[in-house]
Amino acid sequence: MSIGSRIKELRSRAGLTQEALARKIGVTPSAVGNYERDFSFPKEEVLYLLFGALGCSPNELFETENPYSRGELEHLEKYRFLDDYGRELVNACMEIELARQRGEITAIAARKGSADRLVLKKRAGAPDIREAPDYRGGR
């Protein structure tokens, strides 16, 4: 896929017309059309404005084939904002689910909560959130 077709695809995804994009990046609508048809290439300063206006990274614009879906990229962006505890929790859930997919485990006992709400709690001194807390009797 060419740079021009990527610009057009990303512009459409952002819900922008050529005119609206042109206003955001300070060029004429015909310049945007020329970029999209690969008749011309945006100058460096316009490229930086394109990334912001289209809500994309340079890699997303220049990659010919992206191995990741938009949903996967959104998950990665969210993961980057998590604190250490949040990342540990996501990593633990990922490991548990991968083990289930491989058939290594068939069920997971809820540590606290109900079938529709699971709360994992890290035991004091446990090296990992997946370490089950000691059983202290129950209902």
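Here, every reference points to the structure presented above.
Residues numbered from 1 in each chain as written. Predicted model: local features only at pLDDT ≥ 70, side-chain atom pairs only at ≥ 80, totals over all residues. Heavy atoms only, no water.

## Overview of the packing of helix 2 (residues 18–25) against helix 4 (residues 44–54)
Axis separation between helix 2 and helix 4 bottoms out at 9 Å; the angle between their running directions is 125 degrees. With respect to helix 4, the axis of helix 2 lies oblique. Here the hand of the crossing between helix 2 and helix 4 comes out right-handed. Residues Leu21, Lys24 and Ile25 of helix 2 pack against Val46, Leu49, Leu50, Ala53 and Leu54 of helix 4. For the contact of helix 2 with helix 4, the per-class residue count stands at seven nonpolar, no polar and one charged. (Axes fitted to C-alpha atoms, helices over the stretch in contact; angles between N-to-C directions. Helix = DSSP H or I, 4+ residues; strand = E, 2+ residues; numbered from the N terminus. Parallel < 35°, antiparallel > 145°, perpendicular 65-115°, else oblique. Left-handed = near helix turned anticlockwise from the far one by under 90°. Contact = heavy atoms within 4.5 Å. Nonpolar A, V, L, I, M, F, W, Y, C, P; charged D, E, K, R; others polar.)

## Observations regarding helix 7 (residues 84–101)
Counted at 1.5 Å a residue, the expected span for helix 7 with its 18 residues is 26 Å, and the 26 Å between its end C-alpha atoms agrees. Of the positions making up helix 7, those classed as buried are Gly86, Ala92, Ile96 and Ala99. Viewed along the axis of helix 7, the buried residues span an arc of 160 degrees, placing them on a single side of the element. Summarising the geometry of helix 7, the exposed residues directed more than 90 degrees from the buried face are Asp84 and Gln101. (Expected span 1.5 Å × (residues − 1). Buried < 20%, exposed > 50% of the residue type's maximum accessible area, 1.4 Å probe, protein only. Arc of directions from axis to C-beta.)

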